[in-house]
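Listed below, chain by chain, are the residues.
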Amino acid sequence: MRRRADRGAALADPRERARAAIREASVTTTDNTLFPVPADFAKSALINDDTYQKWYDRSITDPEGFWGEHAKRIDWIRPFTKVKDVSFTGDVHIKWFEDGTLNVAANCLDRHLDERGDQTAIIWEGDSPDESEHITYRDLHERVCRLANAMEGLGIKKGDRVTIYLPMIPEAAVAMLACARIGAIHSIVFGGFSPDSLAGRIQDCDSNVLITADEGLRGGRKVPLKVNADKALETSWSVKHVIVVKRTGGDIHMVSGRDYWYHDLVAKASPEHKPAEQNAEDPLFILYTSGSTGKPKGVLHTTGGYLVYAAMTHQYVFDYHEGDVYWCTADVGWVTGHSYIVYGPLANGATTLMFEGIPNYPDSSRFWQVVDKHKVNIFYTAPTAIRALMREGEGPVKKTSRQSLRLLGSVGEPINPEAWLWYHSVVGDGRCPIVDTWWQTETGGILISPLPGATALKPGSATKPFFGVKPMIVDAAGGELTGATEGNLCITDAWPGMMRTVYGDHERFVQTYFSTYRGYYFTGDGCRRDEDGYYWITGRVDDVINVSGHRMGTAEVESALVAHPKVAEAAVVGYPHDIKGQGIYAYVTLVNGVHPSEDLRKELVGWVRKEIGPIASPDLIQWAPGLPKTRSGKIMRRILRKIAANEYDALGDISTLADPTVVEDLVDNRMNRV
Ligand code: 6R9
């Protein structure tokens, strides 16, 4: 690799170097700023530059040999003899290690007991700084066995779908692992989703069990989980059993014969349980995620390949060493929580921190106080959190030590170079490499990321592919673009952690991911590759927007808006937002005779919150007497995106519109509002 612009090397103090880079970033492209692997980091790193290249080349030329070997990192009950059976065309199918058998919970718990039964598996840090708990591997194993027995006692069995709607409490991890232990398929629904969203997800997979809590606690505020669950269950008759964890002791209603207190069930259950023998391709979990069109899709992950990939990426991307304390701030309601709070770290015998709260409660020093309190070595968060904390200045960070930190990570959306540099220089004191990890719910694990002992960093670039990952950049027509270029990002061959299907709708899986560019997995992201072969993710190229690192389908917000009796039509786009990355911008056409007002605007925001959940609240609503449409009636979102971004000069060709004057009106209104 070419190392350019070694200007920084002249500055010995890494913090000074980072500051110089910040100054530079505001005037030049950050392509020119290279952060080499710090020498002391390289010394003890698991993967260095040479190993990366050697392993990567082998993973591409001999994928079967490579993955066959690395799959041995987990314990198989019956070893596999076949590594890979994949087709991205025709009868699309993806199978890894298909004749092997294993149990995920046994890999995350039982196999560690002899060696590290008394080591902390989960450090739980509560919403309030006064509450925390260390759970050893032995203790976690016992809790999981008890719940597994209790669930089997209720008649829950292999293949059943179990919906989990819990706050960030240890019982969330216990519930996931108990499902894995008995072969039930979990489907976690983020606690911020509304009763309707929960109901939709329960019904789509015909779930017969719901595990929830009386209330959640975030930033000192209560989240009415059981009340929401009760509402969702009014229309979701498949659910026969509800298991309720007591978190706050809030006053809730228990339906007799349907609802059970978690604590009563596990107290009565045996602490020993024999894990079920699962096939490598048996489903492990479903996780709903937003796409360009229609309802959220149930992304299905299976057992063997997923675990191999989650564990291996966790070890190498985070350069995880025995004894490290590792903290990923995600929620288990998102894929990051699945792969990098629970499955990857626990399969590796790590100590993983689970945080119930939010970054600015009780104050915006909380993350760093938790780092000091638990001596966190590896810290993994989202750019939106970094940007929000950056706004509070260096004070809240600098009053903490953070000496334990060795590595920082970022995930969820592109990290802008300013935020990257602040994270590096202020949070990491210029000492800690940052792994900017690009991946998706669908990919199961990280696909493009630096390996911190091998890759020189460029702020804002996810850098290089992980082992076995073959990225390809294509133009709109699907032609491969080589060298330094920009286009749409595809992956040309399978990796063990990728999704296998959309639950209950294989055709939608094929249509969504393999038909835009035939024979390739299409990510939905735009991407640039520079002269050094570094990848820079430029954001979604479809109608998915990324709000504070959360995926949102514009179609979902639109259908929530048009469900309001006063709304005739709505079009939703993303627009640049300082903290959230993208904000939600809604153009709303009211029913004839209804007059726009501030009250109505508030009512619509509240309506969307109620329909989908707070994460879908529109940031801006613009009244639109008409929407720009083609003569065939298709809304021209390209134009709406430009107007929302205040880019009026770049509206492009509007001559194909049925009524071009609509655009003038929208532009006038937008300009008058800002
Ligand atoms: C893991 C996760 C996936 C979408 C993805 C992309 C964006 C995630 C990123 C990133 C740039 C990164 N994304 N990580 N963009 N750099 N490091 O976030 O999964 O919720 O499914 O979102 O997020 O646009 O396509 P998910």
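Residues numbered from 1 in each chain as written. Predicted model: local features only at pLDDT ≥ 70, side-chain atom pairs only at ≥ 80, totals over all residues. Heavy atoms only, no water.

In terms of burial, strand E4 (residues 120-125) is a largely internal element, six of the six residues being buried. Inspection of the sheet shows E4 paired to strand E5 (residues 132-136) by five bridges, in the antiparallel sense. Across the sheet, the residue bridging to Glu125 is Ser132, located in E5. Linkage of E4 to E5, two consecutive antiparallel strands, is achieved through a turn of six residues. Pairing of E4 with strand E17 (residues 351-355) involves four bridges; the strand directions are parallel. Bridge pairing links Glu125 to Phe355 in E17. (Buried < 20%, exposed > 50% of the residue type's maximum accessible area, 1.4 Å probe, protein only. Helix = DSSP H or I, 4+ residues; strand = E, 2+ residues; numbered from the N terminus. Pairing = 2+ DSSP bridges.)

Throughout the structure, instances matching the rule amount to 40 salt bridges. For Asp324, the salt bridge is made with Arg406, and the minimal N-O distance between the two is 2.7 Å. Of this pair, Asp324 sits in the loop between helix H12 (304-317) and strand E16 (325-328) while Arg406 is found in the loop between helix H16 (395-398) and strand E19 (407-411), placing the two residues 82 residues apart along the sequence. Judged by its relative accessible area of 8%, Asp324 falls in the buried class. Relative accessible area serves as the criterion here: at 22%, Arg406 is assigned to the partly exposed category. Salt bridges here are not isolated pairs; linked through shared partners, they connect Lys226, Asp230, Arg258 and Asp259. (Salt bridge = Lys/Arg side-chain N within 4 Å of Asp/Glu carboxyl O.)

In this section: the sheet that holds strand E15 (residues 297-302). The strand order E12-E11-E8-E6-E7-E14-E15-E24 describes an open sheet built from eight strands, whose pairing is mixed. Edge strands, defined here as strands with exactly one partner in the open sheet, are strand E12 (259-261) and strand E24 (501-502). Of the strand pairs in this sheet, strand E11 (residues 241-245) and E12 are connected by three bridges, and their pairing is parallel. Its bridge partner being in E12, Val244 is matched across the sheet by Trp261.

Moving on: the confidence of the model for the protein. Looking at the protein as a whole, the pLDDT averages 94, with 95% of positions reaching at least 70. Predicted confidence is poor over residues 1-11, with pLDDT under 50, and the contacts of this stretch with residues over four places away or in other chains come to 24 contacts. Contacts for the low-pLDDT stretch residues 22-30, under 50 throughout, to residues beyond four places or in other chains number 11 contacts. For this predicted complex, the interface confidence comes out at an ipTM of 1.00, alongside a pTM of 0.93. (pLDDT = per-residue confidence, 0-100. Contact = heavy atoms within 4.5 Å.)

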